[in-house]
Amino acid sequence: MILDEVYLFLKNVGHAPTHATFSTDYLGHSARYYDYLRCSGAAPSLRSLLKVAMCLHDLAQAVPCAAARKTAALLSHRVMTRALTRCR
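## Some details on the state of the cysteines
Thought 1: Scanning the entire structure with this criterion turns up 0 disulfides.
Thought 2: Cys 65 takes part in no disulfide bond, and the closest cysteine sulfur to it belongs to Cys 55, at a distance of 19 Å.
Thought 3: Free of any disulfide, Cys 87 has its nearest cysteine sulfur in Cys 55, 17 Å distant.

Put into structure tokens, the structure is as follows:
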């Protein structure tokens, strides 16, 4: 699941130290939403995909490390593509 990659990236750069932080700050849901997605295999909501894509886009503009900027930009693009595919 792409959200696993996003979470690991955000955790490694110090922006989402826990699943609860990722769920609330980056996915816009309750503290256990990411855990629910992982355990149930459910697809993330369109709203969550768009929110995390925009957060990654903003992070790509702000983070000082070039490698982290590139990774954030690539993840943002992949998540946004996934979200837009669901809109068909």
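## Some remarks on the environment of Cys 55
Thought 1: Along the chain, Cys 55 falls in helix α4 (residues 46–62).
Thought 2: The spatial distance from the C-alpha of Cys 55 to the C-alpha of Tyr 26 is 6.8 Å, given a sequence separation of 29 residues.
Thought 3: In contact with Cys 55, other than residues within four places in its own chain, are Asp 25 and Tyr 26.

## Brief notes about the side chain of Thr 21
Thought 1: For Thr 21, the position within the fold is in helix α2 (residues 19–26).
Thought 2: Not counting residues up to four positions away in its chain, the partners in contact with Thr 21 are His 15, Ala 16 and Tyr 26.

Rules used throughout
Residues numbered from 1 in each chain as written. Predicted model: local features only at pLDDT ≥ 70, side-chain atom pairs only at ≥ 80, totals over all residues. Heavy atoms only, no water. Disulfide = S-S within 2.5 Å. Helix = DSSP H or I, 4+ residues; strand = E, 2+ residues; numbered from the N terminus. Contact = heavy atoms within 4.5 Å.

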